[in-house]
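Residue-level structural notes
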Amino acid sequence: MKSIAKIQSTLGKLVRSTLYACAAVAVLSGNAAAAAKVRIGVVGSLSDASIYIAEAKGYFKDEGIDAEIIRFPNSAQMIAPIGAGQLDVAVGATSAGLYNSIGRGIDIKVVADKGSMPPGHGYVPLLVRKDLVDSGAFKSLKDLKGLRVGSQSPGGSALSLLNEALKKGGVPYKDVKISYMGHSQLAAALQNKALDAAMVTEPNATRAVQTGTVVRFSPQADQIYPSQQVAVVLYRGAFARQEAATATKVMRAYIRATRDYNDALVNGKLTGKNSDEIISILSKSTHEKDPSIYKVATAHGCHPDGMVNVASMKHDYEFFKEQGLITTPVDIDKVVDMSFARAVVKELGPYKPK
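A few points on the structure.

So, how was this worked out
Residues numbered from 1 in each chain as written. Predicted model: local features only at pLDDT ≥ 70, side-chain atom pairs only at ≥ 80, totals over all residues. Heavy atoms only, no water. Helix = DSSP H or I, 4+ residues; strand = E, 2+ residues; numbered from the N terminus. Buried < 20%, exposed > 50% of the residue type's maximum accessible area, 1.4 Å probe, protein only. Contact = heavy atoms within 4.5 Å. Areas by Shrake-Rupley, 256 points an atom, 1.4 Å probe, with all protein chains shown as cover. Lys, Arg positive; Asp, Glu negative; His and termini not counted. Charge placed at Lys NZ, Arg CZ, Asp CG, Glu CD. Core = buried A, V, L, I, M, F, W, Y, C linked by side-chain atoms within 4.5 Å. Pairing = 2+ DSSP bridges. Axes fitted to C-alpha atoms, helices over the stretch in contact; angles between N-to-C directions. 1 Å grid on protein atoms, 1.4 Å probe; cavity = no way out; pocket = protein on both sides within 12 Å on 5 of 7 lines; lining within 4 Å. Points joined across faces, edges and corners; volume = space filled by probe spheres on them. Nonpolar A, V, L, I, M, F, W, Y, C, P; charged D, E, K, R; others polar. Expected span 1.5 Å × (residues − 1). Polar contact = N/O pair within 3.5 Å; in protein donor to acceptor, adjacent residues only side chain to side chain. Phe/Tyr/Trp six-rings, centres within 6.5 Å; stacked < 30°, edge-to-face > 60°. Lys NZ or Arg CZ within 6 Å of the ring centre and 35° of its normal.

Attention now moves to the overall build of the protein chain. Along its length, the protein chain carries 17 helices and 10 strands. Seen through its principal axes, the protein chain has C-alpha atoms that stretch 110 × 45 × 35 Å. Going through the 354 residues of the protein chain one by one, you find that 52% of them count as buried. If you take every contact in the protein chain between residues at least 6 apart in sequence, the share linking residues at least 24 apart comes to 78%. When the accessible area of the protein chain is evaluated, it comes to approximately 15,800 Å², of which 56% is carbon and sulfur surface. Taking the 43 positively charged and 32 negatively charged side chains of the protein chain as two groups, their mean positions are separated by 4 Å.

Pasting the structure below:
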């Protein structure tokens, strides 16, 4: 009897060990199956904040997302890869180039706000040479007439912003001389007087002002063009349609991160209670490595529920069309798909500041 009991005990242990091993394999297999590879294109700018926060705080991993974040020199260079299926998610400016790509058949959907200018978030300010202001040669927006004005690119959202500034000053768009160059180059061109004024994105704007050679001119960008939609999050069309569950998980991680970002804001600056954590993430991840600049630069707006300002997109689109920059018409309402953001907000509830 003792030998039989011993055998039964041994067999029981073997069965339990086998069951535990099978359970472990099942868990590991389940986790492997749940991990979805998602390729995300960024440019390394401050307005990529929510992507970097989601990665650093593990929000993508929480959703079972294996996020591969790929940096590009600019958003225009992401269009071909996302069209070819090499990217699932990308960031982009609301530009004529984006709309023309969609018009040519590139399957892209605008799914969330990435950078906008609600009150207090004029992060693309109008900078004017200080000597022009000091001498009285530049007193108001009407004095833009005949000046050499810089912008980032033909067909970029800053051009529409400039047009709004000109309209407020009563200056026809054709009455300024526009030069195109990169963000940091614009600031340098103002300092060496190759330009008279420019729309310069943060943190380059703050760095230029700190030199003492240029000034931020009032009204600021968020007053010139309130709540302009400057940059957006893009989904590859097939990713949105065929991998909707994964696309929703990406959006959930993104919106959680966006809410963390908004919690760090006070009056358009990263000076809130969790700002040190957010600044640490951004200084490690973006082009701007100096933590001190984040607390003084005007922070971009990013809707905590992911909502896109469609009216602003339509307004800019019409401006681009008037300037002959749109080659193939597109329907903005069909370009924007906020269903993923709305589904996440329905689950999480509307944003409430902490």
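Moving on: the nonpolar core. Of all hydrophobic cores here, the largest spans 55 residues; its most connected members are Tyr 99, Val 110, Leu 144, Leu 161, Met 199 and Ile 332. A total of 6 residues in this core trace back to one element, the largest contributor, which is helix α7 (residues 157–169). Here Leu 161 is in contact with Met 117, Val 124, Met 199, Ala 221, Ile 224, Tyr 225 and Gln 228, once residues within four sequence places are set aside. By size, the runner-up hydrophobic cluster in this structure holds 44 residues, among which are Met 251, Tyr 254, Leu 270 and Val 344.

In spatial order, the strands read β2-β1-β3-β10-β4; together these 5 strands make up an open sheet with mixed pairing. Every other strand in the sheet has two partners, leaving β2 (65–71) and β4 (108–116) as the edge strands with one partner each. The sheet shows a mean angle of 25 degrees between the axes of neighbouring strands, taken without regard to direction. Running over the sheet, helix α2 (residues 49–56) touches β1 (36–42) and β2 and is turned about 135 degrees from β2.

Once that is clear, we can look at the layout of surface pockets. In this structure, the largest pocket spans a volume of roughly 1,100 Å³. If you trace the largest pocket, you find 46 residues lining it, with Val 43, Asn 74, Ser 75, Gln 152 and His 183 closest to the centre. The residue inventory of the lining of the largest pocket, partitioned by class, reads 19 nonpolar, 23 polar and 4 charged. Size it by volume and the second largest pocket reaches roughly 170 Å³. Considering the residues around the second largest pocket, the lining is formed by 15 residues, among which Asp 113, Ser 116, Pro 118, His 303 and Met 307 are closest to the centre. Split by residue class, the lining of the second largest pocket holds 6 nonpolar, 8 polar and 1 charged.

With that out of the way, let us pick up helix α15 (residues 310–322). An ideal rise of 1.5 Å per residue puts 18 Å on 13 residues; α15 measures up with 18 Å between its terminal C-alpha atoms. Within the span of α15, buried status applies to Val 310, Ser 312, Met 313, Asp 316, Tyr 317, Phe 319 and Phe 320. Looking at the buried positions of α15, the neighbouring elements they touch are α5 (96–103), β4, α7, β10 (229–236) and α16 (332–335). The N-cap of α15, judged by a side-chain oxygen 3.3 Å from the amide nitrogen of Ala 311 a few residues on, is Asn 309. Residue Gly 324 follows α15 closely and has a positive phi angle near 75 degrees.

Our focus in this paragraph is the side chain of Thr 298. Among the secondary structure elements, Thr 298 is positioned in the loop between α14 (291–294) and α15. The buried category is assigned to Thr 298, whose relative accessible area is 12%. With near-sequence residues (within four places) excluded, Thr 298 lies in contact with Gly 120, His 121, Gly 122, Tyr 123, Glu 202, Thr 206, Arg 216, Gly 268 and Lys 269.

Strand pairing in a sheet relies on backbone hydrogen bonds, with the paired strands running either antiparallel or parallel. With mixed pairing, 5 strands are arranged side by side in an open sheet as β7-β6-β8-β5-β9. Looking along the sheet, the strands with just one partner apiece sit at the ends: β7 (177–180) and β9 (214–216). Sheet twist, expressed as the mean angle between neighbouring strand axes with direction ignored, is 25 degrees. In this structure, strand β5 (residues 126–129) lies alongside strand β8 (residues 197–199), joined through 3 bridges in antiparallel fashion. Paired with Leu 127 across the bridge in β8 is Ala 198. In the packing of α7 onto the sheet, contacts are made with β6 (148–151), β7 and β8, and the angle to β8 comes to roughly 125 degrees. Along the sheet, helix α8 (residues 183–191) makes contact with β5, β6, β8 and β9, crossing β8 at roughly 165 degrees.

We describe a pair of aromatic rings using the distance from one ring centre to the other and the angle between the two ring planes. Tallied over the full model, the rule gives 7 aromatic pairs. Where Phe 138 meets Phe 217, the ring centres are 4.7 Å apart and the plane angle is 90 degrees; that geometry is what we call edge-to-face. Placement of Phe 138 in the loop between α6 (130–134) and β6 and of Phe 217 in the loop between β9 and α10 (221–224) is noted, with a sequence separation of 79 residues between them. For the pair Phe 138 and Phe 217, one class covers both residues: buried. Relative to Phe 239, the ring of Tyr 235 has its centre 5.3 Å away and its plane inclined at 85 degrees; by these criteria the two rings are edge-to-face. Taken together, the aromatic side chains of Tyr 99, Tyr 173, Tyr 317, Phe 319 and Phe 320 make up a single cluster linked through ring pairs. One residue, Arg 256, lies across the ring of Tyr 59, its end atom 3.8 Å from the ring centre.

The element strand β3 (residues 89–93) is largely enclosed, with a buried count of 4 among its 5 residues. Where β1 meets β3, 2 bridges bridge the pair, whose relative direction is parallel. Bridge pairing links Gly 41 to Ala 90 in β3. Inspection of the sheet shows β3 paired to β10 by 5 bridges, in the antiparallel sense. By the bridge assignment for β10, Ala 93 is matched with Ala 231.

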